[in-house]
Amino acid sequence: MDVQSIAYRTDLALLELGGSVVEDRGDRLVVRTPHNPTFHWGNFLLLDRPPAAADVPVLLADVDATFPDSTHRAIGVDGPTSDPDALAPLVAAGLSLDVAAVMTARATQAPPRPNADATYRPLASDEDWQQRVALAARCNEDHPADEYLAFMSSKARTDRALTQAGHGAWWGAFVDGRLVSSLGLFRAGEGSARFQSVETDPAFRGRGLAGTLVHETSRWGLAELDVETLVMVADPDYVAIRIYRSVGFAETERQTQLHQPDRRVSRP
Ligand SMILES: CC(C)(COP(=O)(O)OP(=O)(O)OC[C@H]1O[C@@H](n2cnc3c(N)ncnc32)[C@H](O)[C@@H]1OP(=O)(O)O)[C@@H](O)C(=O)NCCC(=O)NCCS
């Protein structure tokens, strides 16, 4: 399958760098992350097009048989645009539809109110990486704590190994030695690098930390990673997209994701 979406192409490039395995079944890709089975978007099917309504039961049975040890269902649909009408049968079957904005930039500028109080640098020490897991937990308190910490600790080990192998870096904004905002930027093929998981500590939001961190990391990436295009995927309705626009990103595509956190539970 020839993947059209730059968001999925860069997702797959990063997943494969991190040890995920991609199987091509012609009209769909099967993505597996054997070392992290609770990573929903590391264990999913990517379809080349929306399924016909009549094919949905067989598709869901295929997802469940393909990922027997998972409790979630995650299905991506390829393409640079998203058609909610065509996806309605999957939504009716209990999956929720997320359409993300795919933003790209070939250069960035500082945000209107840059934050000069923080220190911006790549994560390096064991303590830096422990702080990244703790920051992610503070930013995601709505997830079940044990499961989320297990997932995030495994993800952080993978991300750190990627930085040590020279594929990119995980950057942080530090205030008095405390990690308060972080993100990843990794080479993702075809002259592109992909941003990952921009997060600011809830107690430190609205101070220009994420905007400044994105700009500082972009400058570093364009200079050091030998890439021309930076790719960022964001919720189109959320504050994040304004921050990325303010430093020079423009929306170029949409990404389609369908998700059911627990397939044993029917929607109310
Ligand atoms: C999205 C997120 C990373 C933003 O982090 P942040 O550090 O608060 O971002 P910034 O401070 O750079 O910008 C936030 C807002 O504060 C404003 N701001 C920046 N400096 C400011 C200042 N000195 N005074 C007042 N407002 C300021 C920015 O202009 C921006 O305003 P806008 O919403 O009107 O565009 C944060 O909300 C977060 O972690 N969310 C949860 C995780 C998430 O969803 N991440 C996005 C994944 S794509």
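Structure: above.
Residues numbered from 1 in each chain as written. Predicted model: local features only at pLDDT ≥ 70, side-chain atom pairs only at ≥ 80, totals over all residues.

Engineer: Quick rundown of the packing of helix H6 (residues 209-224) against helix H7 (residues 239-246)? Include the residues and the values.
Structural biologist: For the pair H6 and H7, interaxial distance at closest approach is 9 Å and the crossing angle is 45°. In this view, H6 runs oblique relative to H7, as classed from their interaxial angle. Like other packed secondary-structure pairs, H6 and H7 cross with a definite hand, here right-handed. Within the contact between the two elements, H6 uses Ala-210, Gly-211 and Val-214 and H7 uses Ile-243, Tyr-244 and Ser-246. For the contact of H6 with H7, the per-class residue count stands at four nonpolar, two polar and no charged. (Axes fitted to C-alpha atoms, helices over the stretch in contact; angles between N-to-C directions. Helix = DSSP H or I, 4+ residues; strand = E, 2+ residues; numbered from the N terminus. Parallel < 35°, antiparallel > 145°, perpendicular 65-115°, else oblique. Left-handed = near helix turned anticlockwise from the far one by under 90°. Contact = placed C-beta atoms within 7 Å. Nonpolar A, V, L, I, M, F, W, Y, C, P; charged D, E, K, R; others polar.)

Engineer: Explain the site of the ligand to me, using residue names and the numbers behind them.
Structural biologist: Around the ligand, the surrounding shell holds 20 residues, and the nearest of these are Thr-200, Arg-205, Gly-208, Ala-210 and Gly-211. Contributions of two or more residues to the shell around the ligand are made by strand E9 (192-200), H6 and H7. Of the residues forming the shell around the ligand, the biggest block, four residues, is contributed by H7. Taken together, the residues that form the shell around the ligand break down as ten nonpolar, five polar and five charged. (Near = placed C-beta within 6 Å.)

Engineer: Tell me about unusual backbone geometry, residues and numbers included.
Structural biologist: With a phi angle near 50°, Asp-176 is a residue other than glycine that sits in the positive phi range. Among the structural elements, Asp-176 can be located in the loop between strand E7 (168-175) and strand E8 (178-187). Phi angles above zero are rare outside glycine, and Asp-226 is one such case at about 60°.

Engineer: Let's hear about the nonpolar core: which residues, and what values?
Structural biologist: Ile-75, Val-214, Met-232 and Tyr-244 are the most contacted members of the largest nonpolar core, which has 64 residues in total. Top element by residues in this core is helix H1 (residues 6-17). It accounts for seven residues. Here this core spans two domains, and each of domain 1 (6-100 + 256-260) and domain 2 (119-247) adds at least three residues to it. Setting aside its immediate chain neighbours within four residues, Val-214 contacts Leu-183, Val-198, Ile-243, Tyr-244 and Val-247. (Core = buried A, V, L, I, M, F, W, Y, C linked by C-beta atoms within 7 Å. Buried ≥ 20, exposed ≤ 12 C-beta atoms within 10 Å, placed from the backbone. Domains from an automatic or database assignment.)

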